[in-house]
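Observations on the three-dimensional arrangement
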Amino acid sequence: MTATDTHRAIRAVFKIESAKLIAGLTGMTRDIGLAEELAQDALVAALEHWPRAGIPEKPAAWLMATAKHRAIDNLRRKKLAEQKHAEIGRELEADQAMTPDIDAALDNDIGDDLLRLIFTACHPVLPAEARVALTLRLLGGLTTEEIARTIVAVRP
């Protein structure tokens with residue numbers, strides 16, 4: 001039997017059996033879209049395998065078995081993915097539980113007034129120029145005029 005004859009036979013078998021194949025797979029997977037995809041995968045497998053090995057004695061059963069094996073593989077992949085997602089979720093929750101609450105840490109009494117003043121002057125909410133000016137004013141003791149001269153002298 002030539003490859004063309006084999007392909008014709010595959011098309012004929014698939015045309016006759018595709019409805020039964022999809023119906024059986026839909027019952028198994030509860031997803032008609034997935035069932036159609038699995039049936040198409042079985043057709044592709046037949047197109048690849050049958051020209052070399054010949055048409056099986058029961059081609060419809062071969063298509064159904066191939067599609068069912070793919071469905072089982074698909075279900076295993078989904079289950080593994082769900083397990084991995086759950087594991088990642090647990091790890092994220094554990095990481096979040098271990099991460100210190102930055103807002104609460106900022107509200108904590110630092111204990112040293114000068115250190116508190118440094119953190120206030122260098123708070124990331126402030127623009128960089130404001131942080132520099134505030135730090136020079138509050139911690140460096142510079143006047144506004146001195147800060148202005150310093151900033152003008154440093155700018156390119």
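The shown structure was predicted, so the numbers you read here are calculated from the model rather than taken from an experiment. (Residues numbered from 1 in each chain as written. Predicted model: local features only at pLDDT ≥ 70, side-chain atom pairs only at ≥ 80, totals over all residues. Heavy atoms only, no water.)

What to know about the overall build of the protein chain
Here is the rule we go by: Starting at the N terminus, helices and strands are each numbered in turn, a helix being any DSSP run of H or I of at least four residues and a strand any DSSP run of E of at least two. Between the two quantities, the radius of gyration covers C-alpha atoms and the globule rule is 2.2 Å times the number of residues to the power 0.38. Accessibility here uses a 1.4 Å probe with only protein chains present; expressed as a share of the type maximum, an area under 20% marks a residue as buried, one over 50% as exposed, and anything in between as partly exposed. Residue contacts follow a heavy-atom distance rule, with two residues in contact if any of their heavy atoms lie within 4.5 Å. Surface exposure here means Shrake-Rupley accessible area, sampled with a 1.4 Å probe, where a residue is shielded only by the protein chains that are shown. Counted charges follow a simple rule, with Lys and Arg positive, Asp and Glu negative, and His plus the chain ends left uncounted. The atoms used to mark charge sites are NZ of Lys, CZ of Arg, CG of Asp and CD of Glu.
From N to C terminus, the protein chain includes seven helices and zero strands. Overall, the protein chain shows an N-to-C arrangement of helices and strands of α-α-α-α-α-α-α. Computed over C-alpha atoms, the radius of gyration of the protein chain comes to 35 Å, more than 25% over the 15 Å expected from 2.2 N^0.38 for 156 residues, which places it beyond the range of a compact globule. Looking at the protein chain as a whole, 19% of its 156 residues qualify as buried. A separation of at least 24 residues holds for 46% of the contacts in the protein chain among residues at least 6 apart in sequence. Taken as a whole, the protein chain presents about 11400 Å² of accessible surface, with 59% of it coming from carbon and sulfur. Charged side chains in the protein chain number 20 positive and 23 negative. The centres of these two groups are separated by 13 Å.

Brief notes about the packing of helix α2 (residues 32-53) against helix α3 (residues 59-98)
Spelled out, the test is: To obtain an axis, a line is fitted to C-alpha atoms, over the contacting stretch when the element is a helix, and the angle between two such axes runs from 0 to 180 degrees between their N-to-C directions. Between 65 and 115 degrees an angle is taken as roughly perpendicular, under 35 as roughly parallel, over 145 as roughly antiparallel, and anywhere else as oblique. Definitions for this section: a left-handed crossing has its near helix turned counterclockwise from the far helix by less than a right angle. A right-handed crossing has that turn clockwise. Here the term charged refers only to Asp, Glu, Lys and Arg, the term nonpolar to Ala, Val, Leu, Ile, Met, Phe, Trp, Tyr, Cys and Pro, and the term polar to all other amino acids, Gly among them.
Contact geometry for α2 and α3: axes closest at 8 Å, N-to-C directions at 125°. Viewed along their axes, α2 and α3 adopt a mutual orientation that is oblique. Once α2 is placed against α3, the crossing between them reads as right-handed. Across the interface between the two elements, L34, L38, D41, A42, L43, A45, A46, H49 and W50 of α2 pack against P59, W62, L63, T66, A67, R70, A71, N74 and K78 of α3. In terms of residue class, the contact of α2 with α3 is made up of 12 nonpolar, three polar and three charged.

Quick notes on the pattern of salt bridges
Here is the rule we go by: Salt bridges are defined by distance alone: a side-chain nitrogen of Lys or Arg within 4 Å of a carboxyl oxygen of Asp or Glu.
Under the defined criterion, the tally for this structure stands at three salt bridges. Note that D5 and R8 form a salt bridge whose closest N and O atoms lie 3.3 Å from each other. Here R8 and D5 lie together in helix α1 (residues 3-29), a separation of three residues that amounts to about one turn.

Overview of unusual backbone geometry
Backbone geometry places R30, a non-glycine residue, at a positive phi of 60°. Among the secondary structure elements, R30 is positioned in the loop between α1 and α2. Exposure remark for R30: the relative accessible area of 72% places this residue in the exposed category.

Quick word on the packing of α1 against α3
Direction vectors running N to C along α1 and α3 enclose 35°, while the axes themselves pass 10 Å from each other. For the pair α1 and α3, the crossing hand works out as right-handed. From α1, V13, F14, E17, K20, L21, G24, L25, M28 and T29 reach across to α3, where they touch P59, A60, L63, M64, A67, K68, A71 and I72.

Focus: the nonpolar core
Threshold: Residues enter a nonpolar core if they are buried and are Ala, Val, Leu, Ile, Met, Phe, Trp, Tyr or Cys, with the set joined through side-chain atoms within 4.5 Å.
Judged by nonpolar contacts, the single largest core of 18 residues is most densely connected at F14, L21, L25, A39 and L63. When contributions to this core are tallied by element, the ones reaching two or more residues are α1, α2 and α3. Examining the composition of this core, we find that eight residues originate from one element, α2, more than from any other. If sequence neighbours within four positions are ignored, A39 has contacts with F14, L21, I22 and L25.

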